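Tertiary structure, described
One letter stands for each residue in the lines below.
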Amino acid sequence: MSFPKYDEYKESGVEWLGDIPRDWNVTRFSRLANHSPNAFTDGDWIESPYITDQGVRLIQTGNVGIGEYREQGFRYVSESTFDELNCTEVYPGDVLICRLASPVGRACLAPDLDSQMITAVDVCILKPNDGIHAKYVVYMLSSAEYLGFMESQCRGGTRDRVSRSFLGSIQVAIPPLDQQKLISSFLDAETSKIDALVAEQRRLIELLKEKRQAVISHAVTKGLNPNAPMKDSGIEWLGDVPEHWDVVSLGRLCNDVADGPHFSPKYVDENAGGVLFLSARNVKVDRWDFDDVKYVSVEDCDEFDRRVVPEIGDVLYTKGGTTGIARVVDLTMRFQVWVHVAVLKIKKTAAMPEFVALALNSTGSYEQSQLFTRGATNQDLGLTRMVKIRLSLPPIEEQSTIINYLDIETKRIDKLLTEAEQAIELLQERRTALISAAVTGKIDVREYAAQVTA
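Residue positions are counted from 1 within each chain, in the order its sequence is given. Reporting in this predicted model follows two pLDDT cut-offs: at least 70 for local features of residues, and 80 or more for side-chain atom pairs to be given and counted; totals over whole chains, interfaces and linings ignore these cut-offs and use all residues. Side-chain measures here rest on the full set of heavy atoms in the structure, leaving out hydrogens and waters.

1. A short note on the sheet that holds strand E6 (residues 56-59)
At least two DSSP bridges between two strands are needed for those strands to be called paired. Numbering of helices and strands starts at the N terminus; helices are DSSP runs of H or I of at least 4 residues and strands are runs of E of at least 2. Within the open sheet, the four strands sit side by side as E5-E7-E6-E10. Their pairing is mixed. Each of the sheet's edge strands pairs with one partner strand only, and the pair in question is strand E5 (51-52) and strand E10 (117-119). Two strands pair when backbone bridges link them, and E5 and strand E7 (residues 76-77) are joined in this way by two bridges, in the antiparallel orientation. Bridge assignment links Ile 51 to a residue of E7, and that residue is Val 77.

2. Re the pairing of strand E22 (residues 341-346)
Relative accessible area decides the class of each residue, using a 1.4 Å probe on protein chains only: under 20% of the type maximum gives buried, over 50% gives exposed, and in between gives partly exposed. Taken across its six residues, E22 has six buried, putting it largely inside the fold. The alternating pattern of E22 places Val 341, Val 343 and Lys 345 on one face and Ala 342, Leu 344 and Ile 346 on the opposite face, and all of these are buried. In this structure, strand E16 (residues 254-259) lies alongside E22, joined through five bridges in antiparallel fashion. Note on E22: the bridge partner recorded for Asp 259 is Ala 342. Bridge count between strand E19 (residues 315-318) and E22: four bridges; the pairing is antiparallel. Bridged to Val 315 within E22 is Leu 344.

3. Section: empty space enclosed by the protein
Cavities and pockets are defined on a 1 Å grid built over the protein atoms alone: a cavity is a set of grid points where a 1.4 Å probe fits but cannot escape, while a pocket is an open set with protein on both sides within 12 Å along at least five of seven lines, and lining residues are those with an atom within 4 Å of any such point. Grid points are joined across faces, edges and corners, and a volume is the space filled by probe spheres set on the points. A complete count under the given rule lists two cavities of 30 Å³ or more for this structure. Each pocket or cavity is described by its volume, and for the largest cavity that value is around 40 Å³. Trp 16, Leu 17, Met 140, Ser 143, Ala 173, Val 439 and Thr 440 are the residues that line the largest cavity. For this scheme, ten residues count as nonpolar: Ala, Val, Leu, Ile, Met, Phe, Trp, Tyr, Cys and Pro. Four count as charged, namely Asp, Glu, Lys and Arg, and the remainder, Gly too, count as polar. Per-class residue counts for the lining of the largest cavity are five nonpolar, two polar and no charged.

4. Some thoughts on the sheet that holds strand E21 (residues 335-337)
Within the open sheet, the three strands sit side by side as E18-E17-E21. Their pairing is mixed. Of all the strands in the sheet, just strand E18 (294-296) and E21 have a single pairing partner and so form its edges. Each adjacent strand pair in this sheet contributes to an overall mean axis angle of 40°, direction not counted. Bridge count for strand E17 (residues 275-278) against E21 is three bridges, and the pairing is parallel. Bridge pairing links Leu 276 to Phe 335 in E21. By definition in these notes, contact holds between two residues if any of their heavy atoms fall within 4.5 Å. All axes are obtained by fitting lines to C-alpha atoms, using only the stretch in contact for helices, and the reported angles, taken between N-to-C directions, cover 0 to 180 degrees. Packed onto the sheet, helix H6 (residues 298-305) meets E17, E18 and E21 and runs at close to 85° relative to E18.

5. Comments concerning helix H8 (residues 363-374)
To estimate the expected span of a helix, subtract one from its residue number and multiply by 1.5 Å. Its twelve residues place the ends of H8 16 Å apart at the C-alpha level, agreeing with the 16 Å of an ideal helix rising 1.5 Å per residue. By the burial criterion, the buried members of H8 are Gly 364, Ser 365, Gln 368, Ser 369, Gln 370 and Thr 373. The inward-facing, buried residues of H8 contact E19, helix H7 (353-360) and strand E23 (390-393).

6. Quick notes on helix H3 (residues 144-153)
Within H3 the residues assigned to the buried category are Tyr 146, Leu 147, Phe 149 and Met 150. Summarising the axial view, the buried residues of H3 lie within an arc of 160°, below the 170-degree limit, and thus occupy one face. The exposed residues of H3 that point more than 90 degrees off its buried face are Glu 151 and Ser 152. In the core, the buried residues of H3 are packed alongside strand E8 (95-98), helix H2 (134-140) and helix H4 (164-169). It is the directions from the helix axis to the C-beta atoms whose arc is reported.

7. Some thoughts on the confidence of the model for the protein
Looking at the protein as a whole, its pLDDT mean stands at 93, while 97% of the residues score no less than 70. For the protein, helix H11 (residues 446-453) is the element with the lowest average pLDDT, namely 79, and E19 is the one with the highest, namely 98. What pLDDT reports is the predictor's confidence in each residue, on a scale of 0 through 100.

8. Focus on the packing of helix H5 (residues 177-222) against helix H10 (residues 396-439)
In the contact formed by H5 and H10, the axes pass within 10 Å of each other and the chain directions differ by 170°. Considering their axes alone, H5 and H10 lie roughly antiparallel with respect to each other. The residue makeup of the contact of H5 with H10, split by class, is 27 nonpolar, four polar and eleven charged. Note on terminology: angles under 35 degrees are roughly parallel, angles over 145 are roughly antiparallel, angles of 65 to 115 are roughly perpendicular, and the others are oblique.

9. What about the nonpolar core?
Counting 90 residues, the largest nonpolar core has Phe 29, Ile 97, Tyr 317, Leu 344 and Leu 360 as its most contacted members. If you tally residues by element for this core, the top one is H10, at 13 residues. In terms of nonpolar packing, the next biggest core, distinct from the first, is built from 16 residues, Trp 288, Tyr 295, Leu 316 and Phe 335 among them. Take the buried residues of types Ala, Val, Leu, Ile, Met, Phe, Trp, Tyr and Cys, join any two whose side-chain atoms come within 4.5 Å, and each joined set is a nonpolar core.

10. A word on the pattern of salt bridges
What counts as a salt bridge is simple: a side-chain nitrogen of Lys or Arg found within 4 Å of a carboxyl oxygen of Asp or Glu. Counted under the stated rule, the structure contains 27 salt bridges. The partner of Asp 94 in a salt bridge is Lys 127, with the nearest N and O atoms 2.5 Å apart. One end of the pair, Asp 94, is in the loop between helix H1 (79-84) and E8; the other, Lys 127, is in the loop between strand E11 (123-126) and H2, with 33 residues separating them in the sequence. Just as Asp 94 is buried, Lys 127 falls in that class too. The residue Lys 319 makes a salt bridge to Asp 380 at a minimum N-O spacing of 3.3 Å.

11. Observations concerning the environment of Tyr 50
Relative to the assigned elements, Tyr 50 resides in the loop between strand E4 (40-41) and E5. Judged by relative accessible area, which is 25%, Tyr 50 ranks as partly exposed. Expressed as a C-alpha distance, the spacing of Tyr 50 and Ser 80, which sit 30 residues apart in the sequence, is 10.0 Å.

Written out as structure tokens, the structure reads:
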């Protein structure tokens, strides 16, 4: 769908805004507030001792998404604290703006939580004046142009943050109130359609992930021959297995099982010759995740190698944080692991590493890993417990056949997953572009919006 432009434009005088429709005005953000006390203010400084499990709801930075309120648990302060600290009460429909990344400056409407509400200090409160439509402000503060400008203006430090005075000084483009309402109605209708399509793709992704898991679990516990005689494995999570398969503990398939150092080493920069240092978050079922990966010095790595040297063909198995995830090592560069990752040295005369990883990622093995984890006081899948996990084990030749079968099947499913993820990315890009174009006046949606609201 294409939309017309406005008939006339003028220079806004603001670089990140560019030209705006002739009847729009540029004003300081603080002037959008009404004249009541605390109409544009910071939230309250609430220290930990004031936090309770009931009373006045405390909205924090994590609750403020880009254009939407996100529920992330419940935190409260007592009514006596609310009075003692003279907190600023938040009402449904107020605009909440996060001064802290990421991204800095994002905003949402305050929800109706059927409770009194306040915000933490890094969440500003805007109570709009009669000429301002609150929903339009939220859309305006969700545009790519605005968020890009805010990112460029963030001051340094350990975390990106801006002050309320800086927020108040930002020049924004405001259309007449009737246009604000029409633009908001248009965006409500269009983003709802896009969000519904995104939700469909996410449901598809969940179904595909379930299908992928079911295919793997069935193959590594039941085999590929539906007519094979079966026997009771004696393990609740495995059920019946082919009669000619063995049921073994993980420890019997390993020459050695070890984990990384039981302390946090000093991290170094990759460009300074650092050695890759993997933690549980870097190990995924279908890939390595090197986002925020750490590096250690060569000297530290040499020391850690005295404990275990991870090699191609080993199986890495997560034992802390997110437990019960296995992946075969195919990394050609030198690396080491932290305490939350176990290195399994597989007896290759008994089992193929790829089959062991598939079996460990099956539903039955994963459930066992979680039982062993939950039973630990530190929520860690200790080495002495993980080796007790029971697996169904076919002969080597059959392992190879199952690996080849699952390679084909998982690639087919992974292709569909990639297509669904790409569809979501395109839909979200479309959503962002539509919001940005409407609230900066690049497109004129008034006629369409009038039809939607008629």
